[in-house]
Amino acid sequence: MHGRLASFFAKELFKTLPALPPHTVITYVPRRSAAKRGIGYDQAERIARALGALCGVPTVKALCRRKDANGEQKKLRRAQRILAGKTAYGAGKEIASVKHAFVLLIDDILTSGATVASCAAILKENGADAVCALTIAYTNEKTKQIILTTIEASGKIVSNVL
């Protein structure tokens, strides 16, 4: 995801946000090392950093992917995702930044919600007051379609199947 695309998605997410509480930080669901090496970047991190710049709030590496976490979540069924998500992530080097904070957790695609739930639990266990997850798309598990949902200025929710 090149900088312009990350910036586009960050702007779309920014449009949906209400006024943020005073002590807000942004973090992201980290990508697998092999996947990051394969394309050269972490798309959720790029979106998070672009959103942080728009909001004027810090973006921190509060989460990490555990080295022993193998495989792609997208290839697992819901029950497998829930189990894998509980062990795939851990506290990152900047976890202390979430203490007493309102945390915006950025991920690219929401499928079962297991990854976001696991990461939110880690953030809460490390002192986050509240966690709000933002994704740019979600996958319908039954049809395997990826749906991009945006909210227009009028408040109308528009979903497009990709």
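Residues numbered from 1 in each chain as written. Predicted model: local features only at pLDDT ≥ 70, side-chain atom pairs only at ≥ 80, totals over all residues. Heavy atoms only, no water.

### Some points on the confidence of the model for the protein chain
Model confidence for the protein chain is summarised by a mean pLDDT of 80, while 65% of its residues fall at 70 or above. Within the protein chain, the lowest mean pLDDT, 54, falls on strand E6 (residues 146-151), and the highest, 97, falls on strand E1 (residues 24-28). (pLDDT = per-residue confidence, 0-100. Helix = DSSP H or I, 4+ residues; strand = E, 2+ residues; numbered from the N terminus.)

### Some words on the pattern of salt bridges
Scanning all chains against the criterion turns up two salt bridges. Across the pair Lys15 and Glu12 runs a salt bridge, and its minimum N-O distance is 2.9 Å. Separated by three residues within a single helix, Lys15 and Glu12 lie in helix H1 (residues 3-16), roughly one turn from each other. Taking the relative accessible area as the measure of exposure, Lys15 reaches 56% and is therefore exposed. Residue Glu12 is classed as buried on the basis of its relative accessible area, which comes to 19%. With a closest N to O distance of 3.0 Å, Arg49 and Glu45 form a salt bridge. With Arg49 and Glu45 both in helix H3 (residues 43-55), this residue pair falls four residues apart, about one helical turn. (Salt bridge = Lys/Arg side-chain N within 4 Å of Asp/Glu carboxyl O. Buried < 20%, exposed > 50% of the residue type's maximum accessible area, 1.4 Å probe, protein only.)

### Looking at the nonpolar core
Counting 18 residues, the largest nonpolar core has Leu13, Leu17, Ile26, Ile47, Leu51, Ile106 and Leu134 as its most contacted members. When residues of this core are traced back to their parent elements, those giving at least two are H1, E1, H3, strand E4 (102-110) and strand E5 (130-139). Examining the composition of this core, we find that six residues originate from one element, H3, more than from any other. (Core = buried A, V, L, I, M, F, W, Y, C linked by side-chain atoms within 4.5 Å.)

### What about the packing of aromatic side chains?
For the structure shown, the criterion picks out one aromatic pair. Between Phe8 and Phe9, the aromatic rings sit 5.4 Å apart at their centres with planes inclined by 65°, giving edge-to-face as the arrangement. Residue Phe8 is classed as partly exposed on the basis of its relative accessible area, which comes to 41%. (Phe/Tyr/Trp six-rings, centres within 6.5 Å; stacked < 30°, edge-to-face > 60°.)

### Considering H3
Its 13 residues give H3 an end-to-end C-alpha distance of 18 Å, which sits within 8% of 18 Å, the value for a rise of 1.5 Å per residue. What H3 keeps buried is the set Gln43, Ala44, Glu45, Ile47, Ala48, Ala50, Leu51, Gly52 and Cys55. The N-cap of H3, judged by a side-chain oxygen 3.0 Å from the amide nitrogen of Ala44 a few residues on, is Asp42. The positive-phi residue at the C-terminal boundary of H3 is Gly56, with phi of around 70°. (Expected span 1.5 Å × (residues − 1). Polar contact = N/O pair within 3.5 Å; in protein donor to acceptor, adjacent residues only side chain to side chain.)

### Looking at unusual backbone geometry
Although it is not a glycine, His100 sits at a positive phi angle of roughly 60°. Turning to its location among the elements, His100 is positioned in the loop between strand E3 (89-91) and E4. With relative accessibility at 53%, the residue His100 sits in the exposed group.

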